[in-house]
Amino acid sequence: MNDRASIFWRQRSALAPRLVECFMLVTSCSASVSFFNGGQNGVGADLVWVANGALLAYLLLVPRWHWPTYLCTGFAALLVSGILIDGHPRLLSLGIVTLNLSEVLIAALLMRRRSATLPNFTDSVYLLRFLSYAVFLAPLVVGFAFALFAGLSGLQTLGIAFQNWMATDSLGMA
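Residues numbered from 1 in each chain as written. Predicted model: local features only at pLDDT ≥ 70, side-chain atom pairs only at ≥ 80, totals over all residues. Heavy atoms only, no water.

(A) Structural view of the overall build of the chain. Helix and strand counts for the chain come out as six helices and zero strands. In the chain, the order of α-helices and β-strands from amino to carboxyl end is α-α-α-α-α-α. Taking all 174 residues of the chain together, the buried fraction comes to 38%. In the chain, once contacts between residues fewer than 6 apart in sequence are set aside, the share between residues at least 24 apart is 68%. (Helix = DSSP H or I, 4+ residues; strand = E, 2+ residues; numbered from the N terminus. Buried < 20%, exposed > 50% of the residue type's maximum accessible area, 1.4 Å probe, protein only. Contact = heavy atoms within 4.5 Å.)

As structure tokens, then:
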């Protein structure tokens, strides 16, 4: 094999264990929230939602061309944990997973404008951008969508749904 083919296959084979690791971490983050919330498996019963923050960390550290693969992995992990661990109905779990991935993608797109730049949390400007975009803006935007979803489906009132989403996801992203 020539050098290019060798490099290609080494990079390809290194991605698979990272995707398995991402799947396991996001699933375990989701499962641990369900475990530690005292058995309240209702929508919005979580104290803090760290699964989105874990998936965002992966997106901030990999090149943009790997994002679709990691987003699919995160989708599968959140869906599996929502259906099998939390016991949510499939359609409800699918809606919540879509909202969670939207939040992660909004934060990642705002934080990583270029594929080659890596996070720099020691830079105060970067830290302020992270707090503004990932901890505040992304949960705010998706929280409105969740509040509408929860309000129209009768799961929760608009205000409570928004407050729960904003609080848990902001803490999880931070």
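(B) Broad picture of the packing of helix H3 (residues 67-85) against helix H4 (residues 90-111). The contact between H3 and H4 brings their axes to 9 Å, and the two run at 145°. The handedness of the crossing between H3 and H4 is right-handed. Residue-level contacts link Trp67, Leu71, Gly74, Phe75, Leu78, Leu79, Gly82 and Ile83 of H3 to Arg90, Ser93, Leu94, Val97, Asn100, Leu101, Leu105, Ala108 and Leu109 of H4. Its residues placed into classes, the contact of H3 with H4 shows twelve nonpolar, four polar and one charged. (Axes fitted to C-alpha atoms, helices over the stretch in contact; angles between N-to-C directions. Left-handed = near helix turned anticlockwise from the far one by under 90°. Nonpolar A, V, L, I, M, F, W, Y, C, P; charged D, E, K, R; others polar.)

(C) Structural detail: the nonpolar core. Grouped together as the largest cluster of nonpolar side chains are 32 residues, with contacts concentrated most on Val26, Leu56, Leu59, Tyr70 and Leu78. Taken together, the elements giving at least two residues each to this core come down to helix H1 (3-36), helix H2 (51-61), H3, H4 and helix H5 (124-153). Leave out the neighbours within four places in its chain, and Leu56 touches Val104, Ala107, Ala108, Phe130, Ala134 and Met173. Core analysis: the second largest hydrophobic core is formed by seven residues, Phe146, Ala147, Ala150 and Trp165 among them. (Core = buried A, V, L, I, M, F, W, Y, C linked by side-chain atoms within 4.5 Å.)

(D) View of a nonpolar patch on the surface. Together, Val80, Leu84 and Ile85 make up an exposed nonpolar region whose accessible area comes to about 260 Å². Relative to the helices and strands, Ile85 is located in helix H3. (Patch = residues over 30% accessible without salt bridge, like charges linked within 9 Å, V, L, I, M, F, W, Y side chains within 5 Å. Areas by Shrake-Rupley, 256 points an atom, 1.4 Å probe, with all protein chains shown as cover. Salt bridge = Lys/Arg side-chain N within 4 Å of Asp/Glu carboxyl O.)

(E) Molecular detail of the packing of H5 against helix H6 (residues 158-173). Taken N-terminus to C-terminus, the directions of H5 and H6 make an angle of 150°; their axes are 8 Å apart at the nearest point. Looking at the two axes, H5 sits roughly antiparallel to H6. H6 is crossed by H5, and the crossing has right-handed handedness. (Parallel < 35°, antiparallel > 145°, perpendicular 65-115°, else oblique.)

(F) Representation of the packing of aromatic side chains in the model. Scanning the model with the defined rule gives six aromatic pairs in all. Summarising the aromatic geometry, the rings of Phe144 and Phe162 are spaced 4.7 Å apart at their centres and angled 15° between planes, so their arrangement reads as stacked. Of the two residues, Phe144 is situated in helix H5 and Phe162 in helix H6; the sequence distance between them amounts to 18 residues. Taking relative accessible area as the criterion, Phe162 reaches 21% and is therefore assigned partly exposed. On the basis of an interplanar angle of 45° and a centroid distance of 6.4 Å, the ring pair of Phe146 and Phe149 is categorised as tilted. Pair noted here: Phe146 and Phe149 are both in helix H5, with a separation of three residues, about one helical turn. (Phe/Tyr/Trp six-rings, centres within 6.5 Å; stacked < 30°, edge-to-face > 60°.)

(G) Region of the structure containing H4. Look at H4: 31 Å from first C-alpha to last across 22 residues, which is about the 32 Å you get at 1.5 Å a residue. Among all positions in H4, only Leu92, Ser93, Ile96, Val97, Leu99, Asn100, Leu101, Glu103, Val104, Ala107, Ala108 and Met111 are buried. Residues of H4 that are buried sit in contact with H2, H3, H5 and H6. (Expected span 1.5 Å × (residues − 1).)

(H) Region of the structure containing H5. The first and last C-alpha atoms of H5 sit 41 Å apart over 30 residues, in line with the 44 Å expected at 1.5 Å per residue. Along H5, the sharpest kink reaches roughly 35°, centred on Leu137 and followed within four residues by the proline Pro139. Buried residues of H5: Tyr126, Phe130, Ala134, Val135, Ala138, Pro139, Val142, Gly143, Phe146, Ala147 and Ala150, and no others. Buried-residue contacts for H5 involve H2, H4 and H6. Immediately beyond the C-terminal end of H5, within one or two residues, lies Gly154, with a positive phi of roughly 80°. (Bend = angle between axes of the 7 residues up to and from the residue.)

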